[in-house]
Every structure is written in structure tokens, then in C-alpha cells.
Amino acid sequence: MLSLESQTVLDILRDLTGGDDVYKIIDADEILEKLPSVVKLTKIQLSQLIKDLKDREYINVKYFTPDEYCLLTLKRIEQKANTSQAEVAPDKRERELYGNVKQPKNKGVKSGIIFLMSLLGSLLGSSVVAAVATVIIKFVL
């Protein structure tokens, strides 16, 4: 989820770049002018938000300076979010066919069993090392 400032800046960037999949050069003052009075940002904070949006793959940035940005807003993030919501909700027909099927609960491994297996593994490993050392001592030395 994006913060209020990030979402506002992303919406402004989408308005400024349009939907033609072409990199646009945008002035930082132009973005700051379009911000609502509730959101007050400096140029440094704006550049941090743009870096964050770039890292989260909401925008592609070709280059940027503190005063201007050459960027492209991406649409595929919205499409992925819409498709993932559609995939999560089961189809009406599937519900009618299968009903409410309960998923079995995954019962984890008990810690006592883990301790026992670790102990047996270490004993087996040390016995193999002792056997190899005994063979080396008897036949080599």
C-alpha cells in the first residue's frame, strides 16, 4: 500500500505523463503546484517519493535531477492488482460445484521431534567421522 503522499504524487504523475507509454520530462515545480494544500512536500521529499515509486515499479525513471524528472508511469501494476483480486475470489460456479470445502490445517512438527532428529543426526555424523579417523590411523599411520 502506498502512503497518502505517494498515492497523490503518483496520481499527479499519471495526469502529467498521460497514457501514451512515452517518457516525459516533468519539472518538480509543476508537480509541487498540483499538490493539494493538505500535502506539503519539499523537492527533496518529492525526489524520495519518486525513488520509492521507482523501487516499487509504479514508474520507470530514465534520469532525474532535483528540478526535473524524465519518467514513464506504468499501467501493469494496476492490471496485476485487478487480476489478483479476481483470482482470489472463487467463481460462482466453482462454489456451486464444490461447496465450501475446508482446507486441512497444517500441523507443524513438534519441537521434541526436531531435537531428537538433530541429536540422532549429530551422533551419526560423529560416528562416521570416528570410523574414518580409526581407519586412517590403523592403515596409514
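Our structure is the block above this text.
The following paragraphs examine the structure supplied in this document. (Residues numbered from 1 in each chain as written. Predicted model: local features only at pLDDT ≥ 70, side-chain atom pairs only at ≥ 80, totals over all residues. Heavy atoms only, no water.)

Focus: the overall build of the chain
- The helix and strand inventory of the chain stands at six helices and three strands.
- In the chain, the order of α-helices and β-strands from amino to carboxyl end is α-β-α-α-β-β-α-α-α.
- Here the chain, with 141 residues, has 22% of them falling under the buried criterion.
- Intrachain contacts of the chain at a sequence separation of at least 6 include 55% that bridge at least 24 residues.
- Counting only carbon and sulfur atoms, one obtains 59% of the accessible surface of the chain, whose full area is about 11000 Å². (Helix = DSSP H or I, 4+ residues; strand = E, 2+ residues; numbered from the N terminus. Buried < 20%, exposed > 50% of the residue type's maximum accessible area, 1.4 Å probe, protein only. Contact = heavy atoms within 4.5 Å. Areas by Shrake-Rupley, 256 points an atom, 1.4 Å probe, with all protein chains shown as cover.)

A short note on the pattern of salt bridges
- For the structure on display, the rule yields three salt bridges.
- Note that Lys 43 is salt-bridged to Asp 29, the shortest N-O span being 3.4 Å. Here the residue Lys 43 occupies a position in helix α3 (residues 43-55), and Asp 29 occupies one in helix α2 (residues 28-34), the gap between them amounting to 14 residues.
- Look at Lys 43 and you get partly exposed, because its relative accessible area is 29%.
- On the accessibility criterion, Asp 29 (34% relative accessible area) is partly exposed.
- Notably, a salt bridge pairs Arg 56 with Asp 52, separated by 3.5 Å at the nearest N-O pair.
- A relative accessible area of 27% places Asp 52 in the partly exposed class. (Salt bridge = Lys/Arg side-chain N within 4 Å of Asp/Glu carboxyl O.)

Here we look at the pairing of strand β2 (residues 59-64)
- Where β2 meets strand β3 (residues 68-73), five bridges bridge the pair, whose relative direction is antiparallel. Paired with Tyr 63 across the strands is Cys 70, a residue of β3.
- The hairpin formed by β2 and β3 contains three residues between the paired strands. (Pairing = 2+ DSSP bridges.)

Topic: the sheet that holds strand β1 (residues 24-27)
- Spatially, three strands are ordered β1-β3-β2 in an open sheet, and the strand pairing comes out antiparallel. On the outer flanks of this sheet lie β1 and β2, each paired with one strand and no other. The mean angle between the axes of side-by-side strands here comes to 35°, regardless of whether they run parallel or antiparallel.
- The strands touched by α3 are β2 and β3; relative to β2, the strand with the most contacts, the crossing angle is about 130°. (Axes fitted to C-alpha atoms, helices over the stretch in contact; angles between N-to-C directions.)

Some words on unusual backbone geometry
- Residues other than glycine seldom take positive phi values, yet Glu 57 does so here, at roughly 65°.
- Relative to the elements of secondary structure, Glu 57 occurs in the loop between α3 and β2.
- For Glu 57, a relative accessible area of 42% puts it in the partly exposed group.

Observations concerning α3
- The end-to-end C-alpha separation of α3 is 18 Å, in line with the 18 Å expected for 13 residues at 1.5 Å each.
- Packing partners of the buried residues in α3 comprise α1 (4-17), α2, β2 and β3.
- Once α3 ends, the next one or two residues include Glu 57, with phi positive near 65°. (Expected span 1.5 Å × (residues − 1).)

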